[in-house]
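Letter by letter, the chains look like this.
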Amino acid sequence: MVGYDPEAKCVSTVEAAAAGSASGLVTRVLISPLDVIKIRFQLQIEQLSPRNPQAKYHGILQAVQRIFQEEGLVAFWKGHIPAQLLSVGYGAVQFTAFESLTKLVHNVTSYNARDSSVHFICGGLAACTATVAVQPVDTLRTRFAAQGEPKIYHNLRHAVVTMYRTEGPQTFYRGLTPTIIAIFPYAGLQFSFYNILQQVSEWVIPAEGKKGGHVKNLVCGSCAGLISKTLTYPFDLFKKRLQVGGFEQARAAFGQVRVYRGLLDCMRQIMREEGPGGFFKGLSPSLLKAAVSTGLVFFWYELFCSLLCALKNTDSATGKEG
């Protein structure tokens, strides 16, 4: 169902956008706590270790306990409104672009639109398109998830106005360079590995065992998310560090802060002060999040597409009977 299939002309561009938006919305509600923990880990300068007395966070369970004690349960959904705008918008643009690009490949080239290499290129391009469209919302989401108490931004409108007045419009695109560099291979690998794993499952699972198709989509999506996130993780960390530039006073309660002059300076400072392991801070919750979120996104997208197709077929059958 993911990607254009000439033998199954069922989902239109509008329906792909609707299914992508719905899958992003449902998934975001479920994975928000993991996202908050991941961002906190990525932004911490101190080593993520219980042996470091200056480290605020040093493990997933410890971070969960500390955030809950200091900020309450709602802290795990900090920045949830911009995060939902991000997920809904990103899902709509990404899947619409992906379906359109794979259809274009089928119509104007000799390549098979179901080939994993085609899915890699189209998936990367679709993600880049979606990223540029929603980057301002992503920056807002990161700022909300990163701030402690007392809050610097009281609500979404206050954040937008304050950031625009004090830092200028370019602040909404902080971290865009590492995001684009990372998102193309990350999303490309997601779509291509999902496609490969689906093909492998078709070959491995016997015909009588193929009734649990949606569970298979969840498993394939989770595995694709793990592989792609591991290979591209450092750039996600660079993006988060750059997005909170100019936001240092809100980070004071969490430990040391740094000012980066750009992507290369960010990489140099992390390597010098935190070592190679600094590039993979927050990898554990990030992998957990990637497995859950990617699996759920593909699961819900396939499910919503199936429901839309079923509704269309039912309406068509009813029309013929009438």
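Residues numbered from 1 in each chain as written. Predicted model: local features only at pLDDT ≥ 70, side-chain atom pairs only at ≥ 80, totals over all residues. Heavy atoms only, no water.

Within an unreviewed UniProt entry, the label attached to the protein chain reads Mitochondrial thiamine pyrophosphate carrier, and the organism entered is Herpetotheres cachinnans. For the record of the protein chain, the UniProt heading Subcellular location (unreviewed entry) holds the text "Mitochondrion membrane". (UniProt positions renumbered as here; feature names shortened; annotations may be inferred.)

This part is about the packing of helix α6 (residues 176-204) against helix α7 (residues 213-243). Remark: α6 packs on α7, axes separated minimally by 8 Å, with the N-to-C direction vectors making an angle of 170°. Relative to α7, α6 is oriented roughly antiparallel. (Axes fitted to C-alpha atoms, helices over the stretch in contact; angles between N-to-C directions. Helix = DSSP H or I, 4+ residues; strand = E, 2+ residues; numbered from the N terminus. Parallel < 35°, antiparallel > 145°, perpendicular 65-115°, else oblique.)

Our focus in this paragraph is the pattern of salt bridges. Evaluated as defined, the whole model comprises 19 salt bridges. For the salt bridge of Arg174 with Glu167, the shortest nitrogen-to-oxygen distance reads 3.5 Å. Looking at Glu167, the relative accessible area reads 15%, which means it is buried. Residue Arg258 is joined to Glu273 by a salt bridge in which the shortest nitrogen-to-oxygen separation is 2.7 Å. Remark: Glu273 occurs in helix α9 (residues 263-274) and Arg258 occurs in the loop between α8 (248-251) and α9; sequence separation between them is 15 residues. Judged by its relative accessible area of 26%, Arg258 falls in the partly exposed class. Each of Arg28, Asp35, Lys38, Asp138, Lys229, Asp236, Lys239, Lys240 and Lys289 takes part in salt bridges that share partners, so that together they form one network. (Salt bridge = Lys/Arg side-chain N within 4 Å of Asp/Glu carboxyl O. Buried < 20%, exposed > 50% of the residue type's maximum accessible area, 1.4 Å probe, protein only.)

Mapped onto the elements of the fold, Tyr301 is located in helix α10 (residues 283-321). Separated by 68 residues in sequence, Tyr301 and Tyr233 have C-alpha atoms that sit 24 Å apart.

Turning next to the side chain of Arg241. On the secondary structure map, Arg241 appears in helix α7. By relative accessible area, Arg241 is classed as buried at 3%. A polar atom in the side chain of Arg241 sits 2.5 Å from the backbone oxygen of Gln42. Excluding its chain neighbours within four sequence positions, the residues that come into contact with Arg241 are Gln42, Leu43, Gln44, Ile45, Tyr260, Cys266, Ile270, Glu274 and Lys281. (Polar contact = N/O pair within 3.5 Å; in protein donor to acceptor, adjacent residues only side chain to side chain. Contact = heavy atoms within 4.5 Å.)

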